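Summary of the model geometry
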Amino acid sequence: MTKTRSLFLLLALLVASATARAADPPLPRLVQKDGRAALLVDGAPFLMLGAQVNNSSAWPGVLPQVWPAVKALHANTLEMPVYWEQLEPKQGSFDFSVVDTLVSESRKNGVHLVLLWFGTWKNGGVAYTPLWMKADPVKYPLMLAASGRPVGSASPFSVERLEADKRAFVALMGHLKKTDRQHTVLMVQVENESGTWGAIRDFSPAAQKAFGSPVPADVLAAMKATPSSPNATWKEAFGKNADELFHAWAVARFVGQVAAAGKAAYALPLYANAALRDPIAPGPPGSWESGGPTDDVLPIWKVEAPALDLLAPDIYMDDYAKVERVMELYRRPDNPLFIPEMGNAAVYAPYFFLALDHGTIGFSPFGVDYTRYANFPLGAKKMNEEALAPFAMNYELVAPMMRQLAQLTFDGKVHAVAEKRGTPVAAMEIGAWKVDVRYGLPQFGFGDKPPGNAEPIGRALVAEIGDNEFLVSGFHCRVDFQTGPAASAAGKQRQYLRVEEGTYDKGKFKFLRLWNGDQTDWGLNFTSMPQILHVTVGTY
Ligand code: DGJ
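The notes below deal with the structure included here. What you see is a predicted model; the values in this text were computed from it and never measured. (Residues numbered from 1 in each chain as written. Predicted model: local features only at pLDDT ≥ 70, side-chain atom pairs only at ≥ 80, totals over all residues. Heavy atoms only, no water.)

**Observations concerning unusual backbone geometry**
Leaving glycine aside, a negative phi is the common case for residues, and trans is the common case for peptide bonds. Quick reminder of the rule: Strands here mean DSSP runs of E at least two residues long; helices mean DSSP runs of H or I at least four residues long; both are numbered from the N terminus. Exposure categories follow from relative accessible area, calculated using a 1.4 Å probe and restricted to protein chains: below 20% of the type maximum is buried, above 50% is exposed, and the middle band is partly exposed.
A cis amide bond, omega 10°, links Phe376 with the succeeding residue Pro377. Although it is not a glycine, Lys506 adopts a positive phi angle of roughly 50°. Locating Lys506 in the fold gives a position in the loop between β20 (494-505) and β21 (508-514). For Lys506, a relative accessible area of 78% translates into the label exposed.

If you want it as structure tokens, here you go:
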């Protein structure tokens, strides 16, 4: 090879590698507009059709029992724990082999990952902290109850514990930054349901000192508290809620510092999840997990943990009104809605549509794998394909148009309903149209007395895709457009101008047939079959 030729080849190689680097997909990130949110993946809105595995399923040898369930569900994102006890078996020495396998296997199986940092807190306890930490309770103290007895939950005032958690989390995030250039990992959850069960707050000497000190000004402002003195202590400022708010402050500050350190290493979206309190009738403080991001202390978490992009509800209450209220409480202009866990019993599946209506960036039933573990009564009695079916139909319907739907959601064009037990009709006001949804009707004939489905399995979705043009879909329901008040007052009647059924293929709508005659005379009837319509409506 001549000198010029080899120089030329070297140059070509350099240019190629620079282009490859420039072509690295951009970091996943959250964006907000007019109170709505999107998770950008490869630069465009992405809807996480999630599945979370059981707690002990993120081990290489167990993955063969995970993938068939993920496939059956049609999920595009898998949520898997990273166990601190596994990651740092000896203090300061990290074993990334398991994480690496989770990432590479996820790539092979064509799904993204959300990693869950099972660190200082897992459901309020210290079960996932490494043995070397558990063995040294003097250096890494637990919380003390009012009685002075230790509680099985980490003291948020332990600086040693905080520093150790930060180091491990930073190691994890730094490793992902180095090894996951293609961003298989979309988000990371910091801790799991942090807080404490069975004790309202820490009563250790450090905690007592802070509790008797003035409440930080940012907390007062966040809680809109105006005590008589700006130096009010927690008790003076918050009375009977003082213990709980204090613990939320302490835990949020700890988690916020872990999150900030991790984000500085690798700026992926981060979030913390909450074991909820009853959103309608919460009861007294202490009757829910204290300290975590429950709805009443979201403002405290926001100011103390700004490195967290969002606070997310784990929904294990199947009552419609409660689920709806939780979505309202966690969807805020400063908090994109993401549901990282939901019960996997059939009753929860239609709530995917309710979550879409609330602009969610992702949704995930919990306990999705075939390890034969079932968290009944929180979820289904048995986890198998049959249990997954009510969720799988949602994802199967939506997966091919996931990008479009995420963009439409970000643009505020998606409307959806889930059937509420005992309420066989629902209505959506969409621009000049009123869209009725009725449940339990036969497909043929008038529908003024819908009985509702025997179980509330109905769900419907209407997205605005053009002038008087809508994407319409659903299961177990009849959807019918009606003229809105102005057109009705002018004596106008609705007519379906064109109802196309089709499928989405690589994001493009492919025409299959026109619906007309019986298929439109009585409204648009949806069964358990995934069907997508493009509907143009007009008046006469
Ligand atoms: C909520 C937790 O976040 C999960 O890890 C799991 O323990 C479920 N509860 C119960 O199965």
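After that view, the rundown keeps rolling.
**Comments concerning the site of the ligand**
Quick note on the threshold: Throughout this document, a residue counts as near a molecule or strand when at least one of its heavy atoms sits within 4 Å of that molecule or strand. Any N or O atom pair separated by 3.5 Å or less is treated as a polar contact, with the protein-specific requirement of one donor-capable and one acceptor-capable atom, and with residues adjacent in sequence counted only for side-chain atom pairs. Accessible surface is estimated by sampling points in the Shrake-Rupley manner with a 1.4 Å probe; for residues, cover comes only from the protein chains shown. Polar here means any residue other than Ala, Val, Leu, Ile, Met, Phe, Trp, Tyr, Cys and Pro, which are nonpolar, and Asp, Glu, Lys and Arg, which are charged; Gly is therefore polar.
Lining the immediate environment of the ligand, one finds Asn55, Lys122, Asn123, Asn192, Glu193, Asp314, Tyr316, Glu341, Phe366, Asn375 and Leu378. Asn123 has a polar side-chain atom sitting 2.9 Å from an oxygen atom of the ligand. Asn192 has a polar side-chain atom sitting 2.8 Å from an oxygen atom of the ligand. Burial of the ligand by the protein amounts to 87% of the accessible area it has alone, namely 300 Å². Here the shell around the ligand is composed, by residue class, of 3 nonpolar, 4 polar and 4 charged.

**With respect to the pairing of strand β18 (residues 469-475)**
Here is the rule we go by: In this description, strands pair whenever DSSP reports at least two bridges between them.
The buried fraction of β18 amounts to 6 of the 7 residues, a majority that puts the element mostly inside the structure. Counted between consecutive antiparallel strands, the loop separating strand β17 (residues 459-466) from β18 contains 2 residues, among which Asn468 sits at a positive phi close to 55°. Pairing geometry for β18 and strand β23 (residues 532-539), over 5 bridges, is antiparallel. In the sheet register, Val472 faces β23, and the bridge partner there is Leu533.

**Some words on the packing of aromatic side chains**
The following threshold applies: A pair of Phe, Tyr and Trp rings is counted when the ring centres sit within 6.5 Å of each other, with Trp represented by its six-membered ring. The angle between the planes then sorts it: under 30 degrees is stacked, over 60 is edge-to-face, the rest tilted.
Following the criterion strictly, the structure yields 32 aromatic pairs and no others. Centroid distance Phe246 to Trp249: 5.6 Å. Interplanar angle 40°. Geometry classified as tilted. Of this pair, Phe246 and Trp249 both sit in helix α10 (residues 242-265), 3 residues apart, which is roughly one turn of that helix. Relative accessible area serves as the criterion here: at 0%, Phe246 is assigned to the buried category. Between Tyr316 and Phe366, the ring centres sit 6.4 Å apart and the planes meet at 75°, which makes this aromatic pair edge-to-face. Residue Tyr316 is located in the loop between β11 (310-315) and α12 (320-330), and its partner Phe366 is located in the loop between β13 (362-365) and α14 (385-398); the two are separated by 50 residues in the primary sequence.

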